[in-house]
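Structural overview for review
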Amino acid sequence: MLKIMAKKWAKNQKLLKQKFATTKGLNICNYIDIVKMTFDVIYNSNEQDYGSKLDIEQITQIDNGDYQGTLLYLIPFDTYQPSEYEYLMTYVDYGSCSGCDTLMAIQAYGYSEEFLNDRQVKEFMQLALHIIQHTIRPYNCGWRKDEDFETIETDKTED
């Protein structure tokens, strides 16, 4: 996990939990929606503490799978024409049904409800944590190296 993401998760996870609990329509959202919400709340909240915000609206999703696979997300910093080191990257593995796909399984617990129930909020938080834990900053080396974007060991798996 990136050092900066561990700090920001610890600082902003309660805000994300509140957002999950109070946002309508999450029972029909897609992974890109969860990625956007997670990075907007976790990373962009209190952004003055760490510099640039992320440009949530310019997140790129790469999906070369079919019924199952891996979704890759490139998340640029909010800067004019970001350079190669001004991106974060994360991923989500997905499946084709609620038996093998995390998001579909969570949504199945309360599909007809307008808001998420307590179990769903807890599991959305777990999914968001995994998205944050999978985050890397490519090309964080040489003169571009920023210690806040170094990987640290963590065994934290719960909010």
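Whatever comes next refers back to the structure up there.
Residues numbered from 1 in each chain as written. Predicted model: local features only at pLDDT ≥ 70, side-chain atom pairs only at ≥ 80, totals over all residues. Heavy atoms only, no water.

**Considering the sheet that holds strand β1 (residues 60–63)**
In spatial order, the strands read β1-β2-β3; together these three strands make up an open sheet with antiparallel pairing. With partners counted over all chains shown, the strands left at the sheet margins are β1 and β3 (87–94), one partner each. Put simply, the sheet's adjacent strands are angled 20 degrees from each other on average, direction ignored. Strand direction decides the pairing type here: β1 and strand β2 (residues 69–76), joined by four bridges, are antiparallel. Residue pairing for β2: Thr60 is matched across the bridge by Leu74. (Pairing = 2+ DSSP bridges. Helix = DSSP H or I, 4+ residues; strand = E, 2+ residues; numbered from the N terminus. Axes fitted to C-alpha atoms, helices over the stretch in contact; angles between N-to-C directions.)

**Digging into the environment of Thr102**
Relative to the elements of secondary structure, Thr102 occurs in helix α3 (residues 102–108). For Thr102 and Lys122, which are 20 residues apart along the polypeptide, the C-alpha to C-alpha distance reads 13 Å. Ignoring sequence-local partners within four residues, the contact set of Thr102 consists of Tyr31 and Leu127. (Contact = heavy atoms within 4.5 Å.)

**Notes on helix α1 (residues 3–22)**
Its 20 residues place the ends of α1 29 Å apart at the C-alpha level, agreeing with the 28 Å of an ideal helix rising 1.5 Å per residue. Listing the buried residues of α1 in full gives Ile4, Met5, Lys8, Trp9, Asn12, Gln13, Leu16 and Phe20. (Expected span 1.5 Å × (residues − 1). Buried < 20%, exposed > 50% of the residue type's maximum accessible area, 1.4 Å probe, protein only.)

**Thoughts on the pairing of β3**
Of the two faces of β3, the one lined by Leu88, Thr90, Val92 and Tyr94 is fully buried and the one lined by Tyr87, Met89, Tyr91 and Asp93 carries no buried residue. Bridge count between β2 and β3: eight bridges; the pairing is antiparallel. Bridging across to β3, Thr70 finds its partner in Asp93.

**Considerations on the state of the cysteines**
In a disulfide, the sulfur atoms of two cysteines are held together by a covalent bond. Taken as a whole, this structure holds zero disulfides when the rule is applied. Cysteine Cys97 shares no disulfide, and the gap to the nearest cysteine sulfur, in Cys100, comes to 3.6 Å. (Disulfide = S-S within 2.5 Å.)

**Section: the packing of aromatic side chains**
Evaluated as defined, the whole model comprises four aromatic pairs. Residues Tyr43 and Phe77 carry aromatic rings whose centres are separated by 6.0 Å and whose planes lie at 75 degrees to one another, so their mutual orientation is edge-to-face. Of this pair, Tyr43 sits in the loop between α2 (31–42) and β1 while Phe77 sits in the loop between β2 and β3, placing them 34 residues apart in sequence. Per residue, the accessibility class of Tyr43 equals that of Phe77, and both read buried. Considering the side-chain rings of Tyr85 and Trp143, the 5.4 Å spacing of their centres and the 75 degrees angle between planes classify their relative orientation as edge-to-face. One end of the pair, Tyr85, is in the loop between β2 and β3; the other, Trp143, is in the segment after α4 (118–133), with 58 residues separating them in the sequence. The class of Tyr85 is buried, set by a relative accessible area of 18%. Classification of Trp143 by relative accessible area gives exposed; the value is 66%. Among the aromatic residues, those joined into a cluster by ring pairs are Tyr43, Phe77 and Phe149. If you follow Arg119 out to its NZ or CZ, it ends over the ring of Tyr109, 3.6 Å from the centre. (Phe/Tyr/Trp six-rings, centres within 6.5 Å; stacked < 30°, edge-to-face > 60°. Lys NZ or Arg CZ within 6 Å of the ring centre and 35° of its normal.)

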